Structures are given as C-alpha cells and as structure tokens.
Amino acid sequence: MKLLELLRRHQVSVWLTTLLLVALGVVCALSMPSGIYPEVEFPRIVVVAKSGGAPPEVVSTSITRPLEQALSSVLGLSGIRSKTIRGATEISLRFSSDTDMWRALQMVESRVSEVRSELPATAEIVVEKVTTGSFPVVTFNVTGAIDPRELRELARFVVQPALASVPGVGRVDVLGGDAREIEVILDPEALPGFGLNPDDIATKLRASLGLTAVGRVVQGQSLITVLADSDARSLQALRELPILVSAQGRQVVLGDVAEVLEGAEDRTQRIGGPGGSTVNISVARAPGASTPAVVERALAAISGLKPSLPAGVTISPVYDQAQLVRDAMNGVRDAILLGILLCGVVIALFLRDWRAGVQAALAVPVTLALTFVCMKLGKQTLNLMSLGGMAVAIGLVVDDAIVIVEAITHSREAGRDSSQAALAGTIELAPAVIGTTLTTIVVLVPLLFLDGMVGDFFRALAFTLTAAVALSLVVALVLIPLAAERLAGPRVIKSSGPGRLERAFHRLSSRQLSKPGFALALLGTSAVAAGLVLPRVSRGFLPQVDEGAFVVDYFLPAGTSVETTEAFARSLETELKATPEVLTFSRRLGTELGPATATELNRGDIMVRLHRERHRSMTAIQDDLRERLASKLPEVRTEFVQVLQDVLNDLGGNPRPVEVKLLGPDRQVLSELADKLAAKLESVDGLVDVYSGHERDVGELHFRADASALARLGSSNEAFAAQLSAALQGSLAGSVRRGDRLINIRVRYPNPVRFDPRQVLDLPFNSAGRVLTMRAVAEPELALAGPELMHDALEPMVAVTAAHEGRDLAGISADIEQALAKLTLPQGYRAVVGGEIAEEKRTTRDLAVVAGFAALLVLTVLTAQFRRFRLALLVLFTVPFALVGALVGLWLTSTPLNASSLMGGVLLVGLVVKNGVLLLEEAEKRFDQGESAEQATSEATKRRLRPVLMTTTATLAGLLPLALGIGAGAELQQPLAIAVMSGLVSSTLSTLGFLPSFAALLLRRGAVVS
C-alpha cells in the first residue's frame, strides 16, 4: 500500500520514465539485427580434402582413413561421418551441444596439421565451422553475351570486391564462367622428333619465366631495385621462347612444337540460369548482421555497378531471403496489432466501458516495447521465433492487466471513487496476479536446458515470452492503477446485483457443489477423449514454411559425363520455364548450396524462386514438377527440398529428412540390403524421392605399366605416371602477369587426343633420350569400382534416404519400423533410423521431460501460494483437461503434433492454472474468514467468473491471428497457437465445472498441509 501511495504521489515521474523506456524500446527494435532464425551456434564442423582424380578406394585409404582416425579423438566429438568420392572426401564432425565450437575448430585444425605429412602432397584441405553464415541470404546471376572468361573476371574482380566491402557481408562466393589460362597445346607428332615430352616443356618454361628481385644499386641520390626479368610479356614472346638446340645446331622455340593461345581451365562446374550459362554470386551475412540490411546494401552496391558494366551484361537477383524476412516481420507485426485490437474490444465489451478496454490494452504496447530492451540486453535478434514469442505473449501479457482492471471496475461499481478503487482493486488482486505470473514464468525455465536445434530455436521464443510476461506484471501493478485513476469515467454504482451470466452460472455451480458426479463425469469424458484422439493426431518435426523458394537436387547415374549431365540439366530448366509460378532460378552442376562439400560431377542443384502472387502452394508446384520430370526425364533422379529446410538439414548434419543407416563390414552386402529396403520403402505412403543410397559401379581405365619394360628403359612407374598425368591433365608451367593478376600457363595435348583413350596410347613416352609410345610400356585395362564410399563412426555405411509429404511422421516411422522388421540382417549388420524421425522422437522425449519439470515447478509455486498442498494439486489437475483439449484442437484442424505444438503443450502447463489460482485464491480467503466450504467456493466462483472469462477470451483473441496463420512464416507458431487456444477452452470449462466441486470437498474436510 505504501508503495502504491508513493507511486501515486510521483506519477508524473513514473509516466515520464515509462515514456523514456518505451522510446528506448523502439530504438532497440529498430537497431536489432533481423533474420529468419535465431543466431545460434550449431555444433558441426566440415573437413573437405581434394586431391586429383583418384578413385574412392584410393582416396579412402590415403586421405579419408588417416583424417578420420586423427579426428575421431577430438574432445567433445559426438559423431563422425565421411563421404568419399573420386578425388575428394568430405568428413562431417558433430559435437555435443555444450562444446565451445571455436575451440573445437582450433582442435580440428590442429589434428589436420598433425596428419598433414601422411596425406598426398597435392591434397587441398578446407576446415569450416558450419554456421548460418555458411548459406547465402541473396544470390545473383551475372549474364551477358561476352566471353565466359571476361564474365567470370568481371564477377571476381569487380562485383565480388564491391559486395565484400558491404557492411555485414561475411562471405561472397563466385561460381561459373571460365578461368582464364594460357594454353600451350603440344603437337604430338612434333615432340618425338626432338626427344621431348610434356614434362620437359613444363620444366623448361618454369625455369625460363620469372621476375625476381636480386638486389639494389645507388644511382645518384636514388636507391634503385634490381630485378632479374624473364617474364613473357605477350603470347608471341612465349612462342619465341627457346626450348632446346637441335643436333643440327638449330634453335627450337616453343612455337615449333606447340600452339600458344588464350584458353581456359577445364570446367568441373557448370552454372546456368534462365538465360543459359551464367556466373552465380552468393552473398552470406556475417554473424550478428541483419539479413534485410545486408541484402538492401548488396542490392544498392549492384545498382551502383550497373552503369559501369559492359554493354549487354546484367546482374539479377535470384534468391532473396530479405523478402521472406520482411514478409515475416510484417506478418508478426500485423498479428500483434490485430491481437491488441481484439483484446481491447473483448475487455470493453465485458466491462461495457471503452475506457477499461483502453486501460488494459495499454499494457500490451508498453510491455512489448520494454521487452525489446530486454532482448537487446540479452543479445537476441528479431527472427521468426523471438517475434513469434511476442505474438504469443499478446494474449498473456494482457491477462494481468485485465484482472487488475476488472478488480478496479468491480471496486468502482461498489461505490468507491477512482482513486480508492484503483488502490483497493490492486491490493485485492496483487497476490493472485503475482502467483499466476510466476506459474507462467517457471514453466519456461526448463526450456533453457533443451538441447539440439529445437532447443536453440525455442529458447529464443522462451526468452522473449518470459521477459514479456515478467514485465506485464510490473505494468499491471504500477501503470494500470495510475491509468485507471486518470481514465476513469463517471462513478457507476452497480445496484442490481450479479448479472444474468453470473446468476445462471451460480445456479449451475450450486447444484454441482452438492453433487460432484458431474465433475467426475467430466473427468472420465476427458480421459476417453484423450484415448480416442491421441492416435488420430498426426505427428511431425518442424512446421513447413512456404518461403516462396525451393531447391531441386538432380542426379544422373554415376559415371555420367559432365556434358551429358548438363544436357539433362538444361531439360530440367525447360520444365521450370514451363511452370508459370517460377520467377527465376540458378543451376549448379558439380557443386552444392552451402558450406564446403565434396560433390560428384554427375549431380547438381537448382535454386528456384517463385512469384509472390500465385494460386498454387509450393507443395502443389513441387508435386506437379516431380510428376512431369519423372515422366519426361526418367533417367534423372530428383529431390525437392525447401531452401531453409535444406539449410537446417545441413546445419544439423542430416542430409535428408528421412534416413535409415545400414552399417556393417561388407559394402556389397550393405548395397544389397539397401536395395531391398528401398524397394519396401517405395510402397510406404507419404514417402517420396526414395533413394537406395548407392550407385552402380563406374568404369575405371587402368594403364598397367610393364615393370620389365620400364626397367630396361631405365625408367620407373613414377616417371610413367608423371608423363601420363601430364598427357591427360596437362602440367602447370608457371604464370604470366597481367596487371595485378597472374594467369596460369598449362602445357597439354589437344583435347581430341587427351580425351580419347585410344590416342593416349600413341602419345610419346620419353625415357633417357629414347622416345617410345605409351603403348610400348603400358596396357589399358577397364575395371569397375564404386563411385562413393561412406563411413559412420569409421564403419562402412549405406544410407537409404527419402523425403515425406502428405502424411504424418509417426505413421511413416511406424511403417519404416515394419519394413525393417521384415528385413533380415546378417550377423554383424544393423540398421539405425535417423533424420527427422530420430529428431522428432528426441524432441518429443525432451519436451515431455520439460513438461514434467514445469509441472513440478508450478506445483511448488502453487503450494507456496495456497499453503494447502491438496488445493495446489487440485489446480494442477486442470492441466490434463487442457492437454486433451489441445489434442482435440490439433485433430480438428489437421495440425500435426510437432515441436511447435508440443511447445504449446508445455506453455499450457503454466497458463491454464491461472484461472484456477484466481478462483481458489478467493475461495481459500473466504474459507479462512469463516465461511463454509460450499459458500466460500460458490461466492468465489461468482466473484471470479468475469475475470476468468475475460482473461480466457482476451488470450484467445490475442492468439487468433497466429492460429489463422496470418503472414509469411506464421506456420512456425500456428501449431503452438492452436494447441494453446484449444487447451485454454477445455481448461476453462474444467476450471468452472470441475474445480469448484472438488475444492469445496477438500476445504470441507479441512485437509491442510502447511
């Protein structure tokens, strides 16, 4: 009371302080970075090593196995998986959630350095910590009718630096075009006459070209640097470079044995778009940067470059995550504003006083503004989860204000003036309001201990929600009484007694108090409803968000040439262009979206962006495309995934939504088991894009050197391999300077020769001055080998993967378990279900534990408030009714039981006890004042009926926009809102119909536990 009197005397200062904090909250909201997901650290590191084009078996023994063994003992490691393909290996390291990932990165790099000497000297190794910054927020297609080399150089040396200097940009990648090279194309017929081979030419060029600082001289008062300069300043200078002096004394120059021209490196990646071949630029944001700001600045930088671009060159955006962020932010904003409006209308209608509605609704914007200050201090960002927490909080933060406003209104109706009513109403309800707020807050505490991606995501929502609910208590107890005193209308004395609703409910509750059979019947009905509905509620992992973009992964049979793969990829593009909803796309071949990977040359992906205004959903578009592609291009295997889902899969280390890992010692047996399992999964309803996890064997051409012949020639297998490599791949022979750039020089044979195995055999082999042919010392032999080798925890593995669509995950999981039960596994082999199925089970288990702890914490708070354990336990009995109602609501709306709706169930544990606290707190007070148990409970029910109905209706109104899925990204919070709304309805009915009867019974028996 003294505190309230003090605040009333200094209410001008209180309001000015409030305005200052609200203004600070607005500033914080405008300055905080925004993105799709919270700024979380994912415990995953990728190591990619590349070395030539050795077959997977060779790469596995020479690179993969040493790296795996070295990395398997890194502290904090929880899982290790590797994929080995021709010439490369990719090792994915998963760490426990409490690992310091920057320290883990240092340890991984240290282990790689330790084993570096055991790896091939030519191996290139990349170690990358996977973060949200590993994925682009905006991508561009650079197209134009100019030389592909010039297009790539324009992207690399003009566009990339301009984007890299943009504040907030963390990484800029350039793919596509041709890398310029000076080609020294040897004449296979001229070389033998001079006793030369490609290695000789390359060695001579390396020795003849260069620019070296050799000292300095003083000339007058100047210090002059001395350079040994043998750089080739033109192609003609290279052609005139002496190679040797012939037996006849004639000087042989490079132009005598080779053609020297401007060329390009062999393409191992192909990038395309709607206009054909293109250069793709991907821009990722730095950690902590705001996605819309980064994209806006990147687009501005591109606009600034356009006037200086060559004629006909265009730079157009493909994927723009900022648009989704803005749409999502606007959607949450609209949901918040609509929720505030609905809450105010509900309160005004209940109290028949618009001023009261304004007073209660005032709490929402003030609380949310103050919440932004807490988010800034807590280093949170604006994202779908944190803002979703704000949208959810609308219906909750207004509860305390409603209870105080209703108490003040009730006091005024009893004849008090505005000042007395504000003081009396606040004092009367303060204990109950504090208790109900604490029950909501303690429910959210266990969420801080959730592990995994779901825990990281919903922790942001819990932080925002906790801050908002805690601040709402302060606003309700401090600002609402002051506002009520200022905004009060003329005194209204209610002399007609209880309203019709109160009288009708009083008659009903009076009969229930003497006959608790109705309450028991209600309890039994709820149990039966739970048993009937639970099996019928579908289950899932994370809600799918229609972001207006998706990725098509495409695969040709293993061993397919790059040219053939690109031809089929262009056919895929044709189908995309024929889809009216497709706005643009960007195609990759031989590389993938996201962090460093080892990618086969027979696969790629297409990022597709859809029109914002369209009649079909993204799922319908994907289904149509999948059917058309399967019909017209049966040779191509495709997989469809959303961009953000693909990001989450990569961040979590789950390559596909559904995965069954088959592990055992023999790869051939694993492949046979995978084929059998994939055939069974093909018939599982809801599974699409089923893949057996392995490819057919691919051809390998072994040039088996004749050891005896090499020995007679005084040569070795190493020399033979070096000359064969130079013949097929060419040899780098130094570089020439072009301004501030270095252009590589490559010595090679003509393409028709080096790509034809029959002509390769006729190429010269030079040993100790004797020139023979490759055919004289080697014999070709065609063999078959697997294109890909996978390990999980250093054990051979084949993973059968799929995506799910149109059916709940629980039913799919059950069918997969049945298929596995029918699959006979030999001794030493096992199957492990992973992907989203494993994550969903883990999330359900973790949230169930969280709900249990939350219930114990709520029970502790209730016991402290009531001082009667059985009354506290009775209030907690409303939770099962709420959970049954939530299940019924999910079932009626065909909403799956996923991480979002389960979060709603956890939230219900704290929310639904509010009404019970309001009712029983009044009943206990009256009982302690001497009223009988029945009278105390009856009067308490009559007194608290209006605030109970008001808080429930206002909460429902605040959550309604989220439940309707208004705005982009609302799909993430929609299941939560539906679960909470349904649970609130059923719990309110149970509170009013079940609680009074048993409360009277417990009070009558005088069961007191202090």
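In this text the structure is predicted, and so the values were computed from the model without any measurement. (Residues numbered from 1 in each chain as written. Predicted model: local features only at pLDDT ≥ 70, side-chain atom pairs only at ≥ 80, totals over all residues. Heavy atoms only, no water.)

Trainee: Account for the overall build of the chain, with residues named and values stated.
Mentor: Along the backbone of the chain there are 35 helices and 31 strands. Relative to its 1010 residues, the chain shows a buried fraction of 56%. Considering only contacts within the chain whose residues lie at least 6 apart along the sequence, 80% involve residues at least 24 apart. Summing over all exposed atoms, the chain offers an accessible surface of approximately 41,800 Å²; the carbon and sulfur share of this is 57%. Each charge class in the chain can be summarised by its mean position, and for the 97 positive and 102 negative side chains these summaries are 8 Å apart. (Helix = DSSP H or I, 4+ residues; strand = E, 2+ residues; numbered from the N terminus. Buried < 20%, exposed > 50% of the residue type's maximum accessible area, 1.4 Å probe, protein only. Contact = heavy atoms within 4.5 Å. Areas by Shrake-Rupley, 256 points an atom, 1.4 Å probe, with all protein chains shown as cover. Lys, Arg positive; Asp, Glu negative; His and termini not counted. Charge placed at Lys NZ, Arg CZ, Asp CG, Glu CD.)

Trainee: Can you tell me about the sheet that holds strand S24 (residues 731–738), naming the residues and giving the values?
Mentor: The sheet built from four strands is open, its strands ordered S12-S7-S25-S24 with mixed pairing. Strand pairing shows two members of the sheet lacking a second neighbour, strand S12 (258–264) and S24, which therefore form its edges. Taking each pair of neighbouring strands and ignoring which way they run, the sheet shows an average axis angle of 25°. Sitting on the sheet, helix H7 (residues 198–208) touches strand S7 (180–186), S24 and strand S25 (741–748), and the angle it makes with S24 is about 35°. (Pairing = 2+ DSSP bridges. Axes fitted to C-alpha atoms, helices over the stretch in contact; angles between N-to-C directions.)

Trainee: Describe in detail helix H31 (residues 899–911), supporting the description with residues and values.
Mentor: Counted at 1.5 Å a residue, the expected span for H31 with its 13 residues is 18 Å, and the 18 Å between its end C-alpha atoms agrees. Counting buried positions along H31 yields 13 of 13 residues, so the element is predominantly enclosed. (Expected span 1.5 Å × (residues − 1).)

Trainee: Give me the lowdown on the environment of leucine 387, citing residues and values where you can.
Mentor: Inspection of the secondary structure puts leucine 387 in helix H13 (residues 384–413). Judged by its relative accessible area of 8%, leucine 387 falls in the buried class. Expressed as a C-alpha distance, the spacing of leucine 387 and alanine 709, which sit 322 residues apart in the sequence, is 75 Å. Residues contacting leucine 387, with those up to four places away along its chain left out, are Met329, Val332, Phe372 and Leu382.

Trainee: Lay out helix H3 (residues 56–71) with the relevant residues and their values.
Mentor: The terminal C-alpha atoms of H3 lie 20 Å apart, and with 16 residues this falls more than 12% below the ideal 22 Å at 1.5 Å per residue. Along H3, the largest kink reaches about 40° and is centred on threonine 64; proline proline 66 follows within four residues of it. Turning to H3, its buried residues number three or more, namely Pro56, Val59, Ser60, Ile63, Thr64, Pro66, Leu67, Glu68, Ala70 and Leu71. Tucked into the core, H3 has its buried residues touching strand S1 (44–50), strand S2 (77–85), strand S3 (88–95), helix H4 (101–115) and strand S29 (789–792). (Bend = angle between axes of the 7 residues up to and from the residue.)

Trainee: An account of the packing of aromatic side chains is requested, with residue identities and associated values reported.
Mentor: Under the definition given, this model contains two aromatic pairs. The side chain of arginine 637 reaches across the aromatic face of phenylalanine 555, ending 3.9 Å from its centre. The lysine or arginine in question, arginine 637, covers the ring of tyrosine 691, its NZ or CZ lying 3.4 Å from the ring centre. (Phe/Tyr/Trp six-rings, centres within 6.5 Å; stacked < 30°, edge-to-face > 60°. Lys NZ or Arg CZ within 6 Å of the ring centre and 35° of its normal.)

Trainee: Give a detailed account of a nonpolar patch on the surface, specifying residues and quantitative values.
Mentor: Among the surface-exposed residues, Leu338, Leu341, Val345 and Leu349 lie close enough to one another that they form a single nonpolar patch of about 370 Å² accessible area. Here leucine 338 lies in helix H11 (residues 321–351). (Patch = residues over 30% accessible without salt bridge, like charges linked within 9 Å, V, L, I, M, F, W, Y side chains within 5 Å. Salt bridge = Lys/Arg side-chain N within 4 Å of Asp/Glu carboxyl O.)

Trainee: Requested: an account of the state of the cysteines, with residues and values cited.
Mentor: In a disulfide, the sulfur atoms of two cysteines are covalently bonded to one another. Scanning the model with the defined rule gives zero disulfides in all. The closest cysteine sulfur to the non-disulfide-bonded cysteine 28 is located on cysteine 374, 9.4 Å from its own sulfur. The class of cysteine 28 is buried, set by a relative accessible area of 8%. (Disulfide = S-S within 2.5 Å.)

Trainee: Requested: an account of the side chain of threonine 597, with residues and values cited.
Mentor: Tracing the sequence through the fold places threonine 597 in the loop between strand S18 (582–589) and strand S19 (603–610). Here the side chain of threonine 597 touches threonine 599 through a polar contact of 3.0 Å, side chain to side chain. Excluding anything up to four places from it in sequence, threonine 597 contacts Val48, Lys50, Glu90 and Glu592. (Polar contact = N/O pair within 3.5 Å; in protein donor to acceptor, adjacent residues only side chain to side chain.)

Trainee: Outline the pairing of S2, listing residues and values.
Mentor: Along S2, seven of the nine residues are buried, which leaves the element largely enclosed by surrounding structure. As paired elements, S2 and S3 share eight bridges and run antiparallel to each other. The residue of S3 that forms the bridge with serine 82 is isoleucine 91.

Trainee: Quick one: what's the story with the pattern of salt bridges, residue by residue and with numbers?
Mentor: Taken as a whole, this structure holds 34 salt bridges when the rule is applied. Arginine 270 is the salt-bridge partner of glutamate 566, the closest N and O atoms lying 2.6 Å from each other. Within this pair, whereas glutamate 566 is found in helix H18 (residues 562–577), its partner arginine 270 is found in strand S13 (residues 270–273), the two being separated by 296 residues in sequence. Judged on exposure class, the residue glutamate 566 and its partner arginine 270 are both buried. For lysine 632, the salt bridge is made with glutamate 575, and the minimal N-O distance between the two is 3.4 Å. Highlighted residues: lysine 632 in helix H19 (residues 618–632) and glutamate 575 in helix H18, separated in sequence by 57 residues. On the basis of relative accessible area, glutamate 575 is assigned to the buried category, the value being 9%. Each of Arg270, Glu563, Glu566, Arg570, Glu573 and Arg587 takes part in salt bridges that share partners, so that together they form one network.

Trainee: Give me the lowdown on unusual backbone geometry, citing residues and values where you can.
Mentor: One non-glycine residue, leucine 794, lies in positive phi territory at about 70°. Mapped onto the secondary structure, leucine 794 falls in the loop between S29 and strand S30 (795–804). Non-glycine residue serine 894 carries a positive phi angle of around 55°. Along the polypeptide, serine 894 turns up in the loop between helix H30 (878–892) and H31. You can call serine 894 exposed: its relative accessible area is 62%.

Trainee: Mind laying out the packing of H30 against H31, listing which residues take part and the relevant values?
Mentor: Packing of H30 against H31 leaves a shortest axis separation of 9 Å and a crossing angle of 155°. It follows that H30 is roughly antiparallel to H31 by the angle criterion. Where H30 crosses over H31, the handedness of that crossing is right-handed. In this structure, H30 contributes Val879, Ala882, Leu883, Ala886 and Leu890 to the contact, and H31 contributes Ser901, Gly905, Leu908 and Val909. Across the contact of H30 with H31, the residue classes tally to seven nonpolar, two polar and no charged. (Parallel < 35°, antiparallel > 145°, perpendicular 65-115°, else oblique. Left-handed = near helix turned anticlockwise from the far one by under 90°. Nonpolar A, V, L, I, M, F, W, Y, C, P; charged D, E, K, R; others polar.)

Trainee: Requested: an account of the packing of helix H29 (residues 869–876) against H30, with residues and values cited.
Mentor: The geometry of H29 relative to H30 is characterised by a closest axis approach of 4 Å and an angle of 5° between their N-to-C directions. By the angle between their directions, the pair H29 and H30 is classed as roughly parallel. Contact residues: H29 offers Leu874, Val875 and Leu876, while H30 offers Thr878, Val879 and Pro880. Grouping the constituent residues of the contact of H29 with H30 by class yields five nonpolar, one polar and no charged.

Trainee: Break down the pairing of strand S9 (residues 222–229) for me, with residues and values.
Mentor: Pairing of strand S8 (residues 211–219) with S9 involves eight bridges; the strand directions are antiparallel. The residue of S9 that forms the bridge with glutamine 219 is serine 222. The antiparallel hairpin formed by S8 and S9 contains two residues in its connecting segment, where glycine 220 sits at a positive phi of about 65°.

Trainee: Explain the sheet that holds strand S16 (residues 314–320) residue by residue, including any values.
Mentor: By way of backbone hydrogen bonds, the strands of a sheet pair with one another, either parallel or antiparallel. One open sheet holds the four strands; their spatial order is S6-S15-S5-S16, and the pairing between them is antiparallel. Each of the sheet's edge strands pairs with one partner strand only, and the pair in question is strand S6 (169–176) and S16. Each strand axis lies, on average, 20° off the axis of its neighbour in the sheet, ignoring direction. Alignment of S6 against strand S15 (residues 279–285), held across seven bridges, turns out to be antiparallel. Residue pairing for S15: valine 174 is matched across the bridge by isoleucine 281. Strands strand S5 (138–143), S6, S15 and S16 of the sheet are contacted by helix H5 (residues 148–164), whose axis makes an angle of about 170° with S6. Contacts from helix H10 (residues 291–305) reach S5, S6, S15 and S16, with the element oriented near 15° to S5.

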